[in-house]
Structure formats: C-alpha cells, structure tokens
Amino acid sequence: MTNLSEIGEFGLIERFSQQFIKDLPEGITGIGDDCAIIPLNHEKALLVTTDMLIEDRHFLLNKITPHNLGQKSLMVNLSDIAAMGGDPHSAYLSIGIPAKLKVEWLDKFFLGIKELCLNTGTYFLGGDTTKSPDRLVINIGVIGTINPLKIKKRSTALPGDIICINDTVGDSGGGLKILIDEKPPDKYSSFLVQRHNCPRAHIEEGKWLAHRETVNAMIDVSDGIESDIHRIMESSAVGAEIEISKIPVSKELIKVCEKYNWNAREIGLTSGEDYCLMFTVPEEYFNDIESEYVKEFKTPIYTIGKINDNQENLTFTQNGEIIEFTEHGFDHFKSKNEKV
Ligand code: ADP
Ligand code: MG
C-alpha cells in the first residue's frame, strides 16, 4: 500500500487523471489546465474551475477576517479563469459550517463574496450548505466564458520563449510566515499579511494577454514559480532555465526578510498564493508585448528565464552560473514546505 505523501498531490492527479482524459468529446479539454474547456460554438467556450479551502490547512480562522476569506475563496477561482484569458460568468459555493461560526461572521463572509462578484461582473448562482463537525470547509466553483480562439493554455510553450510574470512574488508566502511565526506587526509585515489574505486575480491582464497572439502559454502562479513552471514544462514537453537574481520581490518583502534573516528570492521562488500570471513569449515579440502592456496597465512585466528543449528539466542560474536548488514549491500532500 502506498501512502499519499509518497506520491504527493500532483502524483495523485497524474495517477487517476489518465482514465478521464481520453475519449472526451471533440474539443473538450479536461483535467490538466487551470480550467476545463467546453466549447459551445465558434465564438464561445465555457471555462470551468473549482478550488477548496479548508480551515487550518489553507487558512487560520483567527488570522483572516470573514470579509477577506469570502473574497479570497472566490478570488482563487477567478485567478484560474484569468490564467486562461477568460471572463468570469458565475460562481457556486459549497460550504461546510462548524457550530462555532456565528451568523454575523457568515454575513461578513457573504458580503466579501458579493462585493467581489459586483467588482468582477460575476453572478452568484448556487451552491450547497451543510454542517461540518469541526472545521470550516469552503469550495467555490466558477464558470467563465471566452472566445475559443483566444484561450491560453499551459501546453503551448515553445523552446526559445521568454518566461514572464506580471507582479512581484513572495509577498503572500512572506505574509504567511509572519502569521505562522506570530511576528509582531509593523508597516512592512502588515503589507505582506494583507497580500496573503487579500490576493488579486489578474482578470483584465489575463484577457489582454489572451488577445495577444504572440503569447504562447499562460498559467496563474498559485503554488509558486518553482512548482508552476513545472506545470508548463510537463504540459508543453519543454525545459526551462530560471535566473534567480531576476525573481522580482517587493521592497516590503526585502525589508521583512532583512529583519528576520529570511531569503527573499527563495520565498519568491518557492512560496505560493501570489496569483499573478506567468506566461511565455518568443524573444522576438517580447519588446512589443512589454511596451504595449506597460502602456495599458502602467505596471511592469518581469522576465525570469527562458524555455528550452531540455525536456522537463529545470535549471537555475545565478548571474548566469548554473546553481543547484533543492527546495520545492508547495505540494499539498508532501511533508516538505507544508503551508499550515
Ligand atoms: P490549479 O492550481 O490551477 O487549481 P492544479 O495544478 O492544482 O490547478 O490542478 C491541475 C489539474 O488537475 C486541473 O486541471 C484540475 O482541474 C485537476 N484536478 C485537481 N484535483 C482534481 C480532482 N480531485 N478531480 C479532478 N481533477 C482534479
Ligand atoms: Mg491555476
């Protein structure tokens, strides 16, 4: 008998998914990307995604406000819609509620969901409610829509592509460390905790990038760069090289890391829940995409490495020299780097 911890979350998905991927009707894409794709006609396809958050596993009830938790539960799903370039349409919530939760707490949780629905044009259309013996369990599913010709996948990266991300990374992971280690609040650590509790899905950016034909592959960074680049590499059957010194980290993360003697770039590379977009662009088109993007969003694109044909092999360089890196991104069933 095999323990789940031996194969990990991704090993398990790999193990059961094969039997469900084959023999799907023409055009339907199942397990393997940020969302399932169900084409409706030549102009429209549905994107479907679902994500579960469990108390003490994905959040600590006394460290996040109900408003933020409601928003975050929906946001993580909107991020998967953004990762493929889609427009969110509707959300569905299944919730297991322990007796300890007060109705007023739930009112605030639902207000968070409502506000985010209003801000993103998402309808809240259903779900399921049940008692939970002990811990709060939240699962939200989201349906999105997209022009099938514009969908960006994990599986279409090509050797020579530049690997880009559209935000700094590690703030959320730094914020989580602050919460777990119960570090005293200051200006910088509070910023990181806020980034952890209140992430933003890059919906407009995702749609914009989806409309650029020269963007080859895209994913949202939910488990961390080091983990999520593997998802692109496996799906696209390519390798990648990441330059550690190019991992963008915020000045707030640097300040906090200086204070506690943490390594900002390591946190940026391996911690999850930043929910920015990672995408690949052929070198010759990068300058055009970058200048148009900056004009549109007034925020930078960061280049962190390159796709190569060294199949499913990830190398790290520091100032051009190859270095060993043994840490792995967060993997829910493996004992290393457990989140909470
Ligand atoms: P994400 O981080 O974007 O939510 P993951 O990398 O966790 O996606 O999941 C990879 C793929 O595996 C996705 O297509 C997802 O739908 C699928 N998947 C994960 N867990 C299950 C499950 N229990 N049943 C079916 N599909 C699953
Ligand atoms: Mg995702």
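The structure reproduced in this document is the subject of the present report. (Residues numbered from 1 in each chain as written. Chains lettered and ligands numbered in written order. Predicted model: local features only at pLDDT ≥ 70, side-chain atom pairs only at ≥ 80, totals over all residues. Heavy atoms only, no water.)

1. Section: the packing of helix 5 (residues 187-197) against helix 8 (residues 251-260)
What counts is decided by this rule: To define axes, lines are fitted to C-alpha atoms, for helices over the stretch in contact only, and angles between the resulting N-to-C directions are given on a 0 to 180 degree scale. Labels follow the DSSP assignment, with helices taken as runs of H or I lasting at least four residues and strands as runs of E lasting at least two, numbered in each case from the N terminus. Oblique is the label for every angle not falling under 35 degrees (roughly parallel), over 145 degrees (roughly antiparallel), or within 65 to 115 degrees (roughly perpendicular). Take the far helix as the reference: if the near one is turned anticlockwise from it by less than a right angle, the crossing is left-handed, and if turned clockwise, right-handed. In what follows, a contact means two residues having at least one pair of non-hydrogen atoms within 4.5 Å. Classification used: nonpolar for Ala, Val, Leu, Ile, Met, Phe, Trp, Tyr, Cys and Pro, charged for Asp, Glu, Lys and Arg, polar for all others including Gly.
Relative orientation of the contacting elements helix 5 and helix 8 amounts to 120°, with a least axis distance of 9 Å. The angle between helix 5 and helix 8 places the two elements in the oblique class. Note on packing geometry: the crossing formed by helix 5 with helix 8 is left-handed. Contact residues: helix 5 offers Tyr-188, Ser-189, Phe-191 and Leu-192, while helix 8 offers Glu-252, Leu-253, Lys-255 and Val-256. Looking at side-chain class alone, the contact of helix 5 with helix 8 contains five nonpolar, one polar and two charged residues.

2. Let's talk about the packing of aromatic side chains
Convention followed: Two rings belonging to Phe, Tyr or Trp (six-membered ring only in the last case) form a pair when the distance between their centres is within 6.5 Å. Interplanar angles under 30 degrees mark stacking, angles over 60 mark edge-to-face geometry, and anything in between is tilted. Classification of residues uses two cut-offs on accessible area relative to the type maximum, computed with a 1.4 Å probe and protein chains only: under 20% is buried, over 50% is exposed, and between them is partly exposed. The rule for a charge over a ring is simple: NZ of Lys or CZ of Arg within 6 Å of the ring centre, and within 35 degrees of the ring normal.
Enumeration according to the criterion identifies seven aromatic pairs in this entry. Measuring from ring centre to ring centre gives 5.7 Å for Trp-105 and Phe-109, while their planes differ by 15°; the resulting arrangement is stacked. A residue pair is termed a helical-turn pair when its members lie 3 or 4 positions apart in one helix, as Trp-105 and Phe-109 do in helix 3 (residues 103-120) at four residues. Across the pair, exposure class does not vary: Trp-105 and Phe-109 are buried alike. With a centroid separation of 5.5 Å and 80° between ring planes, the pair formed by Trp-208 and Tyr-293 is classed as edge-to-face. Remark: Tyr-293 occurs in helix 10 (residues 283-297) and Trp-208 occurs in helix 6 (residues 203-210); sequence separation between them is 85 residues. Through pairs of rings, three or more aromatic residues link up here, namely Trp-105, Phe-109, Phe-110 and Phe-124. Lys-177 extends its terminal NZ or CZ atom over the ring of Trp-262, reaching a point 4.6 Å from the ring centre. One cation-aromatic arrangement involves Arg-212 over Trp-208; the distance from NZ or CZ to the ring centre is 3.8 Å.

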